[in-house]
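Each chain, letter by letter, is given below.
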Amino acid sequence: MVTLAEVAQHAGVSASTVSYVLSGKRSISATTRQRVEQSIRELGYHPNAGARALAGKRSNIIALMVPLRTDMYVPVMMEIAIAVATTARTHGYDVLLLTGEEGPDAVRRVTGSGLADAMILMDVELEDERLPLLRGTDQPSVLIGLPADTTGLTCVDLDWSATGALCVEHLAGLGHRDIAVIGEAPAVYERHTGFAERTLDGLRSRARETGVRVLHRPCEGGYDALALTLARIFDERPGTTGFVVQNESAVEPLLALLRQQGRAVPEDVSVVAICPDQVAVQASVRLTSVAIPAQEMGRQAVEHLVAKLDGRGGDEVALLTPELTVRASSGPAPTAP
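Remember, predicted model here, so these are calculated numbers, not experimental data. Residues take numbers from 1 onward in each chain, read along the sequence in its written order. Local features in this predicted model are restricted to residues whose pLDDT is 70 or higher, and side-chain atom pairs enter the listing and the counts only when it is 80 or higher, whereas totals over whole chains, interfaces and linings include all residues. Each side-chain value is derived from all of the structure's non-hydrogen atoms; neither hydrogens nor water enter the calculation.

Caption draft 1: Structural view of the sheet that holds strand β1 (residues 61–65). Two strands pair if DSSP finds at least two bridges between them. Only DSSP runs of H or I covering at least 4 residues are called helices, and only runs of E covering at least 2 are called strands; the numbering of each starts at the N terminus. As summarised here, the arrangement of the 6 strands in space is β2-β1-β3-β4-β5-β11, forming an open sheet in which the pairing is parallel. The sheet is open, and its two borders are formed by β2 (94–98) and β11 (317–320), each paired with just one other strand. Strand-to-strand, the axes of this sheet are offset by a mean angle of 20°, without reference to chain direction. Pairing of β1 with strand β3 (residues 118–121) involves 4 bridges; the strand directions are parallel. Angles here are taken between N-to-C directions and fall from 0 to 180 degrees, while the axes themselves are lines fitted to C-alpha atoms, restricted in helices to the stretch in contact.

Caption draft 2: Spotlight on the domain arrangement of the chain. Source of the domain bounds: an automatic or database domain assignment. What the domain assignment lists for the chain is domain 1 (4–55), domain 2 (61–158 + 294–322) and domain 3 (160–292). The gap between the C-alpha centroids of domain 2 and domain 3 is 29 Å. Note on contacts: a residue pair is in contact if any heavy atoms of the two residues lie within 4.5 Å. Between domain 2 and domain 3, the residue contacts involve 17 residues of the former and 21 residues of the latter. Buried area: the accessible surface (1.4 Å probe) lost by two parts on joining, summed over both. Surface buried jointly by domain 2 and domain 3 totals about 1600 Å² across both partners, of which 61% is contributed by carbon and sulfur atoms. Considering only the surface of domain 2 that becomes buried against domain 3, D71, L158 and P322 emerge as the three largest contributors, covering 35% of it. Throughout this description, the term salt bridge denotes a Lys or Arg side-chain nitrogen within 4 Å of a carboxyl oxygen of Asp or Glu. Viewed at the interface, domain 3 and domain 2 are joined by 2 salt bridges. A salt bridge links D71 to R191; the nearest nitrogen and oxygen atoms lie 2.9 Å apart. Under this definition, polar contacts are N or O atom pairs within 3.5 Å; protein pairs additionally need one hydrogen-donor-capable and one acceptor-capable atom, and for neighbouring residues in sequence, both atoms have to be side-chain atoms. The interface formed by domain 2 and domain 3 includes 8 residue pairs in polar contact (both at pLDDT 80 or more). Considering only residue class, the side of domain 2 that touches domain 3 consists of 12 nonpolar, no polar and 5 charged. Under this grouping Gly is polar, as are all residues other than the nonpolar Ala, Val, Leu, Ile, Met, Phe, Trp, Tyr, Cys and Pro and the charged Asp, Glu, Lys and Arg.

Caption draft 3: A look at the side chain of H304. With respect to the secondary-structure elements, H304 resides in helix α14 (residues 294–309). Once you skip the residues sitting within four places of it in the chain, H304 turns out to touch V142, T154, V156, E316 and A318.

Caption draft 4: Structural view of the pattern of salt bridges. Under the counting rule described, the total for this entry stands at 17 salt bridges. A salt bridge links D123 to R69, with the nearest nitrogen and oxygen atoms 2.5 Å apart. Residue D123 is found in the loop between β3 and α7 (131–135), and its partner R69 is found in the loop between β1 and α5 (74–90); the two are separated by 54 residues along the sequence. The pair formed by D123 and R69 is uniform in burial state, with each residue classed as buried. Taking the shortest distance from any N to any O, the salt bridge between D310 and R312 comes out at 3.5 Å. The cut-offs for exposure are 20% and 50% of the maximum accessible area for each residue type, with area from a 1.4 Å probe on protein chains only; residues under the lower value are buried, those over the upper are exposed, and the others partly exposed. A relative accessible area of 59% means that R312 is categorised as exposed. Salt bridges linked by common partners bring R69, D71, D123, E125 and R191 together as one network.

Caption draft 5: The arrangement of helix α3 (residues 30–43) in detail. Helices are assigned an expected span. That span is 1.5 Å times one less than the residue count. Relative to the 20 Å expected for 14 residues at 1.5 Å per residue, α3 spans 20 Å between its end C-alpha atoms, a close match to the ideal helical length. When α3 is considered as a whole, its buried residues turn out to be T32, V36, S39 and I40. Mapping the buried residues of α3 onto a view down its axis gives an arc of 100°, with all of them on the same face. Exposed positions of α3 whose direction lies more than 90 degrees from the buried face are A30, T31, Q34, R41 and E42. Two residues or fewer after α3 comes G44, characterised by a positive phi angle close to 70°. As used here, the arc is the angular range of directions from the helix axis to the C-beta atoms.

Caption draft 6: Structural view of the sheet that holds strand β8 (residues 242–245). Spatially, β7-β6-β8-β9-β10-β12 is the arrangement adopted by the 6 strands of the open sheet, whose pairing is mixed. Bordering the open sheet on either side are β7 (213–218) and β12 (324–325), each of which pairs with just one other strand. Examined bridge by bridge, β8 and strand β9 (residues 270–274) share 4 bridges and lie parallel to one another. For V244, the partnering residue across the bridge sits in β9 and is V272. Packing against the sheet, helix α8 (residues 160–173) makes contact with β6 (178–183), β8, β9, β10 (288–290) and β12, and its axis sits at approximately 165° to β9. Sheet strands in contact with helix α12 (residues 251–260) are β6, β8 and β9, and its direction is about 160° off that of β8.

Caption draft 7: How the structure looks around the environment of I62. Along the polypeptide, I62 turns up in strand β1. Overall, the relative accessible area of 0% leaves I62 in the buried class. Remark: the alpha-carbon pair of I62 and I120, spanning 58 residues in sequence, is separated by 7.3 Å.

Caption draft 8: Structural view of empty space enclosed by the protein. Grid spacing is 1 Å over the protein atoms alone, the probe is 1.4 Å, and a cavity is where that probe fits but cannot get out, while a pocket is an open set with protein on both sides within 12 Å along at least five of seven lines and lining residues have an atom within 4 Å of a point. Grid points are joined across faces, edges and corners, and a volume is the space filled by probe spheres set on the points. Enumeration according to the criterion identifies 1 cavity of 30 Å³ or more in this entry. Of the volumes computed, that of the largest cavity is approximately 300 Å³. As for the largest cavity, its lining consists of 21 residues, of which M72, V76, M77, W160 and F195 are closest to the centre. Secondary-structure elements contributing two or more residues to the lining of the largest cavity are α5 and α10 (194–210). At 3 residues, the largest contribution of residues to the lining of the largest cavity is made by α5. Residues belonging to the lining of the largest cavity are distributed by class as follows: 13 nonpolar, 4 polar and 4 charged. Two domains each provide a minimum of three residues to the lining of the largest cavity, namely domain 2 (61–158 + 294–322) and domain 3 (160–292).

Now the structure itself:
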């Protein structure tokens, strides 16, 4: 880790001058300040949290890394973040929210600066670039998400594979044999985001076991994109009678388009959504759904992290069991004319 003395040597100034540039406690000439700031950037220096660290004390801050991407449903991410913050506060910790798409650089910044005692990472990909850094540091961390290899990691997540399987089981039990999956935006699958990939694996695996045909189509969401996706689905599989939707922004456009086409829900077509309960119950047809336990995911992540900080916790994977609630959008498959 780069030290303040090394920055001073690189910039050709004293260590105290670097300290004054960082703290702003004393007037420094513009040219000297620029030289110091350039050295900081070139060397990748991160100011340490300082007196706390030198005294061997904790900062009592947890860093929460939650990249806010346009292709993700932000309300769920924020619900998790709020649960993390409120639970952390009960243990005497504050939360530092990092929302940029910095990847490994954000991990380096936190571990190298002493800004936080521990980290929680969200939006986890199967081959996440941040993981080697986590495994290489002594700083405690928890993932809200499940990578392909969980060795040396603590993870909390909904069991997305079981979630996908549960949706297929429900529709298969109602006699549906052709199911279409309207998924997240294409970029989510291109990044191999864990929750989306695992849901799809669970769907396909249980579909093979139950003799159900599954057609998966990613979708940006919104009316126009959904109209094109739906047209493709019925062109390829005109006998489709069941839909699984894992894309909150596609829910209402789908219901509207089915109505326009004269396809009644659930008499002609059944719809099962993977979404927050609020989305399911406020839809124009109350949706049969598997809820996303955002608050519980956030709460458990903090509990595991605090246990690690206190020397009580080890590496483990905690998967929450999915629950399907039957509402008005699913029913028996229509009989062939």
